[in-house]
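# Structural characterization, general
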Amino acid sequence: QVQLVESGGGSVQAGGSLRLSCAASRNLYCMGWFRQAPGKEREGVAVIVGNGRTSYAESVKGRFTISRDNAKHTVYLQMNSLKPEDTAMYYCAVDRLICSGLWFKNPVFGQGTQVTVSS
């Protein structure tokens with residue numbers, strides 16, 4: 001089973017920035033970030049696949065940027081212009097082989113890192 005270590009969450013005021021990191025124990029084709037706010041379903045935020053193709057939720061396009069470092073088995077999420085509605089637990093997610101857009105066939109999730117944006 002792949003191991004995931006997330007870091008970078010925290011509290012910030014609206015308009016601020018945070019950068020999330022997730023180091024995997026090995027390289028996987030699909031890497032991304034999901035989030036879950038209290039009382040809401042978990043939703044896909046951003047995904048990057050092995051060839052660098054990215055997908056974003058409409059709500060974060062233009063504000064968030066996902067990237068990966070294959071040599072370090074690490075995926076990053078740069079979050080700019082944060083809004084209070086971005087407040088959620090953010091989960092790193094990986095899938096060994098099959099994903100499409102923000103959907104993973106057999107996702108493995110990290111433990112989560114809290115992001116809180118105050119107005």
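Just above sits the structure.
First, a word on what this report is: a plain description of the structure on this page.

What counts, and at which threshold
Residue positions are counted from 1 within each chain, in the order its sequence is given. Whole-chain, interface and lining totals are the exception, using all residues; otherwise, since this is a predicted model, local features are given only for residues with pLDDT of at least 70 and side-chain atom pairs are given and counted only at 80 or more. Only hydrogens and water are set aside; all other atoms, that is, all heavy atoms of the structure, feed into the side-chain values. Labels follow the DSSP assignment, with helices taken as runs of H or I lasting at least four residues and strands as runs of E lasting at least two, numbered in each case from the N terminus. Put simply, the radius of gyration uses C-alpha atoms, and a globule should come to 2.2 Å times the residue count raised to 0.38. Here's how the labels work: a residue is buried when its accessible area is under 20% of the maximum for its type, exposed when over 50%, partly exposed in between, all with a 1.4 Å probe on protein chains only. Throughout, a contact is declared for two residues whenever any of their heavy atoms are within 4.5 Å. Here the positive residues are Lys and Arg and the negative ones are Asp and Glu; neither His nor the chain ends is included. Here the site of a charge means atom NZ of a Lys, CZ of an Arg, CG of an Asp or CD of a Glu. Side-chain atoms alone can form a polar contact between residues adjacent in sequence; in general such a contact is a pair of N or O atoms within 3.5 Å, and within protein one must be able to donate a hydrogen while the other accepts it. By convention in this document, the label disulfide applies to cysteine sulfur atom pairs within 2.5 Å. Two strands form a pair only when DSSP identifies at least two bridges running between them. Axis angles are defined between N-to-C directions and span 0 to 180 degrees, where every axis is a line fitted to C-alpha atoms and, for a helix, only to the segment in contact. We define the nonpolar core as a collection of buried residues of types Ala, Val, Leu, Ile, Met, Phe, Trp, Tyr and Cys that are connected through side-chain atoms lying within 4.5 Å of one another.

## Some thoughts on the overall build of the protein chain
Assigned secondary structure in the protein chain consists of 0 helices and 13 strands. Taken from N to C terminus, the helices and strands of the protein chain fall in the order β-β-β-β-β-β-β-β-β-β-β-β-β. For 119 residues, the compact-globule estimate of 2.2 N^0.38 gives 14 Å, and the protein chain sits close to it at 13 Å. Judged by the C-alpha coordinates and their principal axes, the protein chain covers about 40 × 25 × 25 Å. Residue burial in the protein chain is summarised as follows: out of 119 residues, 45% are buried. A fraction of 59% describes how many contacts in the protein chain between residues 6 or more apart in sequence connect residues 24 or more apart. Side-chain charges in the protein chain split into 13 positive and 8 negative, and the spacing between the mean points of these groups amounts to 6 Å.

## Some words on the side chain of Arg63
Residue position: Arg63 is located in the loop between strand S6 (54-56) and strand S7 (64-69). There is a polar contact of 2.9 Å between the side chain of Arg63 and the backbone oxygen of Ser81. Side chain to side chain, Arg63 and Asp86 meet in a polar contact 2.7 Å long. Among residues more than four places away in sequence, those in contact with Arg63 are Gln78, Met79, Asn80, Ser81, Leu82, Lys83 and Asp86.

## Let's talk about the state of the cysteines
The final tally for this structure, using the stated rule, is 2 disulfides. Note that Cys22 is cross-linked by a disulfide to Cys92, the S-S spacing being 2.1 Å. Here the disulfide of Cys22 and Cys92 is left-handed, its torsion about the S-S bond being about -75°. Remark: Cys92 occurs in strand S9 (residues 88-95) and Cys22 occurs in strand S3 (residues 18-24); sequence separation between them is 70 residues. The same class applies to Cys22 and to Cys92, which are both buried.

## Some remarks on the sheet that holds strand S8 (residues 74-79)
Remark on secondary structure: sheet strands pair via backbone hydrogen bonds, oriented parallel or antiparallel. Strands sit in the order S1-S3-S8-S7 across an open sheet of 4 strands; the sheet is antiparallel. The strands lining the two open edges of the sheet, one partner per strand, are strand S1 (4-7) and S7. Shown here is a sheet whose adjacent strand axes are inclined to one another by a mean of 15°, direction ignored. Sheet topology note: the S7/S8 ladder contains 6 bridges and is antiparallel. Following the sheet pairing, Phe64 is matched in S8 by Met79.

## Observations concerning the nonpolar core
By size, the foremost hydrophobic cluster in this structure holds 29 residues, and its most contacted members are Trp33, Leu77, Met79 and Tyr90. Among the secondary structure elements, those contributing two or more residues to this core are S3, strand S4 (30-36), strand S5 (43-49), S7, S8, S9 and strand S13 (113-118). If you look at the next biggest cluster of nonpolar residues, it comprises 7 residues, including Cys30, Phe34, Ala93 and Cys99.

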